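Examination of the molecular architecture
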Amino acid sequence: MAIQLVRVFVQDAEEIWKMQVESFRSLYEKYQDTDTSPATEKIDKVIWRLEQPNTYFYKIITDETCVGAIRIIDDKKENIRKRISPLFILPGYRKKGYAKQAIIEAEKIHGDKNWFLDTILQEESNCALYEKMGYVATGKTEIINDRMTLIEYKK
């Protein structure tokens, strides 16, 4: 399974936003994190992200099909941490290794050191993925509500 990351820009905002809402809908239904869920964001927030000078947003493509997206925040300065926020795979394409491959490709483009990200502590498969990719929990957490806690990872 080969994937490629194809950079997207502001003109792609609606497509990215629709995929993001679809991809995060089930997590929103499970955790009801109205203030933080990408499923409840307005398209303006995606446009704002795409307009940031240090944002690199990519569609995850396999066999000419878009299966998700990944956003990298990278100031392109040595010793400045890079961030994955968000990474999402459309529901019909999950559990096939696309997220792992997207991280590998992002690290080829942006370097393999000084990364961090947040994920949902209660989502064991997400935590396992990042740990398998060499990320380590920092111990920093943020309680979002009585169902959900974010945990920070670094690499």
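Here the residue index of a chain counts from 1 through its sequence in written order. Residue-level local features of this predicted model are given only where pLDDT is at least 70; pairs of side-chain atoms are given and counted only at 80 or more, and the full residue set underlies all totals for whole chains, interfaces and linings. Derived side-chain values reflect all non-hydrogen atoms in the structure, with water molecules and hydrogen atoms excluded from consideration.

Between side chains of opposite charge, a pair can form as their charged atoms come close. Any carboxyl oxygen of Asp or Glu within 4 Å of a side-chain nitrogen of Lys or Arg constitutes a salt bridge here. Applying the stated criterion across every chain, the model contains nine salt bridges. Note that lysine 30 is salt-bridged to glutamate 123, the shortest N-O span being 2.8 Å. Of this pair, lysine 30 sits in helix H1 (residues 13-31) while glutamate 123 is found in the loop between strand E5 (115-120) and helix H4 (124-132), placing the two residues 93 residues apart along the sequence. A salt bridge links aspartate 74 to lysine 76, with the nearest nitrogen and oxygen atoms 3.8 Å apart. Numbering of helices and strands starts at the N terminus; helices are DSSP runs of H or I of at least 4 residues and strands are runs of E of at least 2.

So, on to the side chain of lysine 59. Relative to the helices and strands, lysine 59 resides in strand E2 (residues 55-62). Discounting residues that sit within four places of it in the chain, lysine 59 has contacts with Gln4, Leu5, Val6, Val8, Glu15, Ile16, Met19, Cys66, Gly68 and Ala69. Only heavy atoms enter the contact rule, under which two residues are in contact if any of them lie within 4.5 Å.

Moving on, we come to helix H2 (residues 43-51). Relative accessibility under 20% of the residue-type maximum defines a buried residue, over 50% an exposed one, and the middle range a partly exposed one, all with a 1.4 Å probe and only protein chains included. Within H2, burial applies to Val46, Arg49 and Leu50. Along H2, the residues classed as buried sweep out an arc of 95 degrees about the axis, all on the same side. Facing away from the buried side of H2 by more than 90 degrees, the exposed set consists of Asp44 and Glu51. Each element contacted by the buried residues of H2 is listed here: strand E1 (4-8), H1, E2 and strand E3 (65-73). Arc definition: directions from the helix axis to the C-beta atoms.

This paragraph deals with H4. Here H4 has its buried residues at Cys127, Leu129 and Tyr130. Buried positions in H4, seen along its axis, are confined to an arc of 160 degrees and lie on one side of it. Among the exposed residues of H4, those pointing more than 90 degrees away from its buried face are Glu124 and Lys132. In this fold, the buried residues of H4 make contact with strand E4 (82-89), helix H3 (98-110), E5 and strand E7 (148-154).

The next point concerns unusual backbone geometry. Along the chain, serine 85 connects to proline 86 via a cis peptide bond; the corresponding omega equals 0 degrees. In the Ramachandran plot, glutamine 32 falls in the positive-phi region, its phi being about 50 degrees despite a non-glycine side chain. The residue glutamine 32 is located in the loop between H1 and H2 in this model. Judged by relative accessible area, which is 37%, glutamine 32 ranks as partly exposed. Here asparagine 114, not a glycine, exhibits a phi torsion of approximately 65 degrees, which is positive. With relative accessibility at 29%, the residue asparagine 114 sits in the partly exposed group.

Whether two strands pair comes down to DSSP finding at least two bridges between them. Ordered in space as E1-E2-E3-E4-E5-E7-E6, the seven strands form an open sheet in which the pairing is mixed. Looking at strand neighbours, the two that pair on one side only are E1 and strand E6 (136-145), the edges of this open sheet. Going from strand to strand, the sheet's axes swing by 30 degrees on average, the running direction of each strand aside. Taken together, the five bridges between E1 and E2 define a ladder with antiparallel strand orientation. Residue pairing in the sheet places valine 8 in a bridge with phenylalanine 57 of E2. Where H1 meets the sheet, it contacts E1, E2, E3, E4, E5, E6 and E7, and its direction lies at approximately 80 degrees from that of E4. For every element, the axis is a line fit to its C-alpha atoms; helices are fit only across the contacting stretch, and the angle between N-to-C directions ranges from 0 to 180 degrees.

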